[in-house]
Amino acid sequence: MQGYIVLLAVLVALLVGMATGKAWERYKLVEGRWIDRRRVRQSPDFILGLNYLVSGQVDLAIESLEKASQLDAGAFELQLVLGNLYREKGQVGRAIQEHQTLLQRPRLNRIDHASALLCLGLDYRRGGFVDRAVATFSEVLKLDAANEAALTNLEKLQEDQHQWQEAYVTRQRLSLIAGPPEQPKSQSILAFLENEIGLQAMKQRDFAEAARRFAAAIELEPSVTPAYLHLGDVRHEQGDLVGAIAMWERAIDVSPERAYLALERLEEGYRTIGADARFVELCRRLTAAAPREWRARAALARHVASQGQQAKALDLLFAALEHNPHALAIHQAIWNTLSALDLPRALVARYIDVTRESVFYLDPHVCMRCRYRSTELLWQCPHCHEWNTFVEERISPATDTEAEIPASVSQ
Ligand SMILES: [Zn+2]
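Residues numbered from 1 in each chain as written. Predicted model: local features only at pLDDT ≥ 70, side-chain atom pairs only at ≥ 80, totals over all residues. Heavy atoms only, no water.

1. Digging into the sheet that holds strand S4 (residues 373-374)
Consideration 1: An order of S4-S3-S5 is seen for the three strands of this open sheet, with the pairing classed as antiparallel. Edge strands, defined here as strands with exactly one partner in the open sheet, are S4 and strand S5 (390-392).
Consideration 2: When strand S3 (residues 365-367) meets S4, the two strands line up antiparallel, connected through two bridges. Paired with valine 366 across the bridge in S4 is arginine 373. (Pairing = 2+ DSSP bridges. Helix = DSSP H or I, 4+ residues; strand = E, 2+ residues; numbered from the N terminus.)

2. So, the coordination of the zinc ion
Consideration 1: Only Cys367 (SG), Cys370 (SG), Cys381 (SG) and Cys384 (SG) from the protein reach the zinc ion as donors, at distances of 2.3 to 2.4 Å.
Consideration 2: Taken together, the four donor atoms surrounding the zinc ion define angles of 107 to 114 degrees at the centre, an arrangement classified as tetrahedral. (Donors = N, O, S within 2.8 Å, 3.2 Å for Na, K, Ca; no water. Tetrahedral: all angles 85-135°; square planar, octahedral: opposite > 155°, others 65-115°.)

3. Thoughts on helix H19 (residues 328-340)
Consideration 1: Between its terminal C-alpha atoms H19 stretches 18 Å, which fits the 18 Å expected from 13 residues at 1.5 Å a residue.
Consideration 2: For H19, the full list of buried residues reads Ile330, His331, Ile334, Thr337 and Leu338. The arc that holds every buried residue of H19, seen down its axis, measures 130 degrees, which confines them to one face. Residues of H19 that are exposed and point more than 90 degrees away from the buried face comprise Asn336 and Ala340.
Consideration 3: Of the surrounding secondary structure, the elements contacted by the buried residues of H19 are helix H17 (294-306), helix H18 (310-323) and helix H20 (345-355).
Consideration 4: Aspartate 342 sits one or two residues past H19 and shows a positive phi near 70 degrees. (Expected span 1.5 Å × (residues − 1). Buried < 20%, exposed > 50% of the residue type's maximum accessible area, 1.4 Å probe, protein only. Arc of directions from axis to C-beta. Contact = heavy atoms within 4.5 Å.)

4. Looking at the pattern of salt bridges
Consideration 1: Overall, the coordinates contain 18 salt bridges when judged by the stated rule.
Consideration 2: Measuring nitrogen to oxygen at the nearest pair gives 2.9 Å for the salt bridge that ties arginine 171 to glutamate 155. Of the two residues, arginine 171 is situated in helix H10 (residues 164-178) and glutamate 155 in helix H9 (residues 148-160); the sequence distance between them amounts to 16 residues. Residue arginine 171 shares its accessibility class with glutamate 155, and that shared class is buried.
Consideration 3: Among the salt bridges present, the one from glutamate 249 reaches arginine 278, with a minimum N-O distance of 3.1 Å. You can see glutamate 249 sitting in helix H14 (residues 241-254) and its partner arginine 278 sitting in helix H16 (residues 276-289), a full 29 residues away along the chain.
Consideration 4: Using a relative accessible area of 25% as the deciding quantity, one classes glutamate 249 as partly exposed.
Consideration 5: Each of Glu194, Glu209, Arg212 and Arg213 takes part in salt bridges that share partners, so that together they form one network. (Salt bridge = Lys/Arg side-chain N within 4 Å of Asp/Glu carboxyl O.)

So, in structure tokens, the structure goes:
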């Protein structure tokens, strides 16, 4: 009997303890008032607001969440999210006001303080208040040194202002925080930043520093094409043309698909050292390896045309056009050559034949991340700010790919 009472007492104590715990979890003492934490989260407006958010209906989401926030004016996360939604809607002033109000709350803990500051920084960045955004993200990092969102935003702001050295330091911090899985991406970004720092040194004609930077970029990421091109340029400036040529050739070895970036430099370099044949050989090798590499054909055409072999140049250009009908540069080169030959009727007719079925497209480079288009190859996307995301969009008549489309789709 005694044992039974003891057992019962223990059980009751346990239940009371659990109930107290539950109550503590549910209610929170805010400025002398007990707040039911679940009241907001269980309100229909809150759930509805989340559903609208998921389906991308921002206006309706704001309306519902505003109603939910009236249940508890102290709901921190809800006010934070509402501020962010105002920013997304373009109401930057209102977003700033919302987040500043949160920051004025007494007894904010460190995490909430950092979160509200981060959102405020995003508001400033969106509104174009660059200095204030930089200051705010730096403030976040004082509270939370490993805040990746603050570091990423800070890096982009520094890049926007061409503060490559500062961006480099920020990226190094990010790389340390993210650890090994993100390291290859960081290495590549650091290499592009080294390349930019090298270009700045080159502008100031500090060739020794520039060469050091480009070499460091290659050391960090051997596939960073512009660093080879620019290191070659530095050697050229320093009077070492043979060394420059070797470096430009390495750029082609590293990324043959971007060989054309080095072609003009190499054409002039080979000519200066009296080795024209090496240019012809290089172009032939590139077109043999990649038949759609129209720039090598076009470069070779320009080269042979400059030596007076117009008919041979036209043959090369027509071949290039068949593979890339959208490349305006080829059309222009053809017309230049045709006029140099005084527009022979037969050749003009051949041009019309080749182009009859062609698809034209003026801006063939596209960002793989955000689909931003550009007429030239860019190393950093001006829209999504990502590095090295541009590929050349090649349009050709669908022939062999048609067979791959399932019958159900083509019907
Ligand atoms: Zn992009």
